[in-house]
Structure formats: structure tokens, C-alpha cells
Amino acid sequence: MIFEYHAEFNKRSGDLQFWTHENHAIELFKQEMIESRMTYIHENPVRAGIVEKPEDYLYSSSRNYSGLKGNIEVDYW
């Protein structure tokens, strides 16, 4: 089982580990990089088949950027 496999490499997880620890931080120092990553995040509910358009996902900041009222307050850069 995959959960048992990942738990072998993490002493704090016990017998099973649900999340893998493979985060790779990337400094976003260009406007294009920020927009690219935001587009990727906003498209996740679409790729998952939850909604047809990013702004249709109720808990996405994509709503704010599309001119719709969102559930979260967004500070625009």
C-alpha cells in the first residue's frame, strides 16, 4: 500500500502516511511566474471535473479576478 511505503521514510507518521513530503518551494519573482502559478491553481477544480470554469468554483479567488463576488478577500498586486 502506498500509505505504508511513505510512512517508512517518516518517523513521525506511524504506520501510515497520507501526504507525501515532496514540496519544492519556488521563488515567484516575475509577474509572469505569479500569473502562471495562479492560473494553474485556479484550473485545478476544472481539471478535477468539479466545475466547468475556474470562476464557478465557490472557494476560488478566480471569482474575484473575474469580477464576481468571492468568499475570500483578495489583495491584488
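Please refer to the structure higher up on the page.
This one's a predicted model, so the numbers in the text were calculated from it and none came from an experiment. For every chain, the first residue of its written sequence is number 1, and the numbers climb from 1 along that sequence. Given that the model is predicted, a residue must reach a pLDDT of at least 70 before its local features are reported, and side-chain atom pairs must reach 80 or more before they are shown or counted; all residues, however, enter totals for whole chains, interfaces and linings. Heavy atoms from the whole structure form the basis of all side-chain values; hydrogens and water molecules are not counted.

(A) Fine view of the overall build of the protein. Helix and strand content of the protein: 3 helices and 0 strands. The secondary structure elements of the protein, listed N-terminal to C-terminal, are α-α-α. Here the protein holds 77 residues, and 23% of them are scored as buried. Restricting the contact set of the protein to residue pairs at least 6 apart, pairs at least 24 apart contribute 8%. With an accessible surface of roughly 6,800 Å², the protein has 54% of that area assigned to carbon and sulfur atoms. Each helix is a run of DSSP H or I of at least 4 residues and each strand a run of E of at least 2, with the numbering of both proceeding from the N terminus. Exposure is judged per residue with a 1.4 Å probe applied to protein chains only, and the accessible area is read against the type maximum: over 50% gives exposed, under 20% gives buried, and values in between give partly exposed. Contact definition: two residues touch when any of their heavy atoms are within 4.5 Å. Throughout, the Shrake-Rupley method with a 1.4 Å probe supplies accessible areas, and for residues the shown protein chains are the sole cover considered.

(B) Focus on the environment of Val 74. For Val 74, the location among the structural elements is in the segment after helix H3 (62-65). Residue class for Val 74 comes out buried when judged on its relative accessible area of 16%. With 13 residues separating them along the chain, Val 74 and Ser 61 place their C-alpha atoms 6.9 Å apart.

(C) The side chain of His 42, seen in detail. Topologically, His 42 is positioned in helix H2 (residues 31-47). Here a polar contact means two N or O atoms within 3.5 Å. Within protein one must be a hydrogen donor candidate and the other an acceptor candidate, and residues neighboring in sequence count only if both atoms are side-chain atoms. Within the structure, His 42 has its side chain in polar contact with the side chain of Ser 61 (distance 2.7 Å). Setting aside its immediate chain neighbours within four residues, His 42 contacts Pro 54, Ser 60, Ser 61, Ser 62 and Tyr 65.

(D) Here's a closer look at the packing of aromatic side chains. Only Phe, Tyr and Trp rings take part, Trp by its six-membered ring, and two of them pair if their centres are within 6.5 Å. Stacked means planes under 30 degrees apart, edge-to-face means over 60, and tilted covers everything else. The full count for this structure, using the stated rule, is 1 aromatic pair. Each ring, one from Tyr 57 and one from Tyr 59, has its centre 6.2 Å from the other, and the planes form 75 degrees; the classification is edge-to-face. When its relative accessible area of 28% is taken as the criterion, Tyr 57 is described as partly exposed. Owing to a relative accessible area of 57%, Tyr 59 belongs among the exposed residues under this scheme. We call a charge positioned above a ring when the Lys NZ or Arg CZ atom is no farther than 6 Å from the ring centre and deviates by at most 35 degrees from the ring normal. Note that Arg 47 overlies the ring of Tyr 40, its terminal NZ or CZ placed 4.5 Å from the centroid.

(E) Focus on H2. For H2, spanning 17 residues, the distance from its first C-alpha to its last is 24 Å, which sits close to the expected 24 Å at 1.5 Å a residue. Considered for burial, the residues of H2 that qualify are Met 33, Met 38, His 42 and Pro 45. Expected span of a helix, by definition, is 1.5 Å for each gap between consecutive residues, and there is one gap fewer than residues.

These figures capture arrangement, not role.
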